[in-house]
Amino acid sequence: MKLTVIQSDITTVKADAIVNAANSSLLGGGGVDGAIHRKGGSAILDACRAVRAKQGKCNPGEAVVTTAGNLPANYVIHTVGPVWNNGGKEKEELLKNCYINSLKLAIENEVKRIAFPNISTGIYKFPKNIAARIAVEAVKNFNQDKIEEIIFVCFDQENFELYNELLKNENK
Ligand code: AR6
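All values reported here derive from a predicted model rather than from experimental measurement.

### Details of the overall build of the protein chain
Alright, step 1. Each helix and strand in the protein chain was counted, giving five helices and six strands.
Alright, step 2. Ordered by position from N to C terminus, the α and β elements of the protein chain give β-β-α-α-β-β-α-β-α-β-α.
Alright, step 3. Taking the principal axes of the C-alpha coordinates as reference, the protein chain spans close to 45 × 35 × 30 Å.
Alright, step 4. Looking at the protein chain residue by residue over its 172 residues, the buried ones come to 47%.
Alright, step 5. Taking as baseline every contact in the protein chain between residues at least 6 positions apart, the subset at least 24 positions apart corresponds to 71%.
Alright, step 6. With 21 positive and 19 negative side-chain charges, the protein chain shows a spacing of 2 Å between the two charge centroids.

### Regarding the site of the ligand
Alright, step 1. The full set close to the ligand counts 22 residues, and Asn23, Gly30, Val32, Asp33 and Thr121 are the nearest of them.
Alright, step 2. Asn23 places a polar side-chain atom, nitrogen or oxygen, 2.7 Å from an oxygen atom of the ligand.
Alright, step 3. Between an oxygen atom of the ligand and a main-chain N or O atom of Ser120, the distance comes to 2.8 Å.
Alright, step 4. Relative to its free-state accessible area of 700 Å², the ligand is covered by the protein chains to the extent of 91%.
Alright, step 5. For the shell around the ligand, the secondary structure elements donating two or more residues are strand S2 (15-22) and helix H1 (31-40).
Alright, step 6. If you tally residues by element for the shell around the ligand, the top one is H1, at four residues.
Alright, step 7. For the shell around the ligand, the residue count by class is eight nonpolar, eleven polar and three charged.

How each quantity is defined
Residues numbered from 1 in each chain as written. Predicted model: local features only at pLDDT ≥ 70, side-chain atom pairs only at ≥ 80, totals over all residues. Heavy atoms only, no water. Helix = DSSP H or I, 4+ residues; strand = E, 2+ residues; numbered from the N terminus. Buried < 20%, exposed > 50% of the residue type's maximum accessible area, 1.4 Å probe, protein only. Contact = heavy atoms within 4.5 Å. Lys, Arg positive; Asp, Glu negative; His and termini not counted. Charge placed at Lys NZ, Arg CZ, Asp CG, Glu CD. Near = heavy atom within 4 Å. Polar contact = N/O pair within 3.5 Å; in protein donor to acceptor, adjacent residues only side chain to side chain. Areas by Shrake-Rupley, 256 points an atom, 1.4 Å probe, with all protein chains shown as cover. Nonpolar A, V, L, I, M, F, W, Y, C, P; charged D, E, K, R; others polar.

This is the structure we're talking about:
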């Protein structure tokens with residue numbers, strides 16, 4: 001499994017699935033969530049509403065899958081990160097679960113290339129260095145042979161540098 005880091009807007013990434021840093025309502029918001037719904041079009045919100053009707057809210061650490069609408073991906077996997085709010089082990093566990101549960105859904109949907117944003121590091125205020133370490137550890141420890149590439153899509157320079165440092169010995 002290849003681990004890649006790019007600095008980009010995730011709505012432009014061609015992958016089988018892109019992950020959204022959503023909130024428990026699944027009905028949209030700001031940050032990357034806002035960008036995905038804006039560019040993906042109403043099909044994504046319609047699908048999120050259908051998920052809501054079926055299962056109710058999505059709790060932190062959990063993930064659901066929908067169409068990617070007009071985006072250059074097949075699916076959007078919506079996961080809900082924890083709000084940092086002074087942190088703690090429980091918050092770190094929830095963030096790890098976001099990555100694990102997204103990867104499980106990816107496998108169920110035969111996804112080979114999946115792109116993650118830096119979940120919880122924007123509006124939810126997780127320290128970027130802690131979040132990056134958790135993200136990289138979670139995907140590396142996820143034992144599977146179906147997914148071929150995981151792309152960490154960093155929006156800001158600080159995250160891009162953190163991920164490059166953590167992954168500098170990968171794929172060599
Ligand atoms: N592509 C890739 N990454 C992005 C993009 C983009 N287009 N836009 C922002 N980021 P955030 P959270 C980065 O705030 O912290 C929403 O309102 C951003 O720089 O999007 O998990 C939801 O509805 C940061 O590194 O998500 C929730 O209410 C990362 O994406 C809440 O925000 C995550 O920032 C979730 O907060």
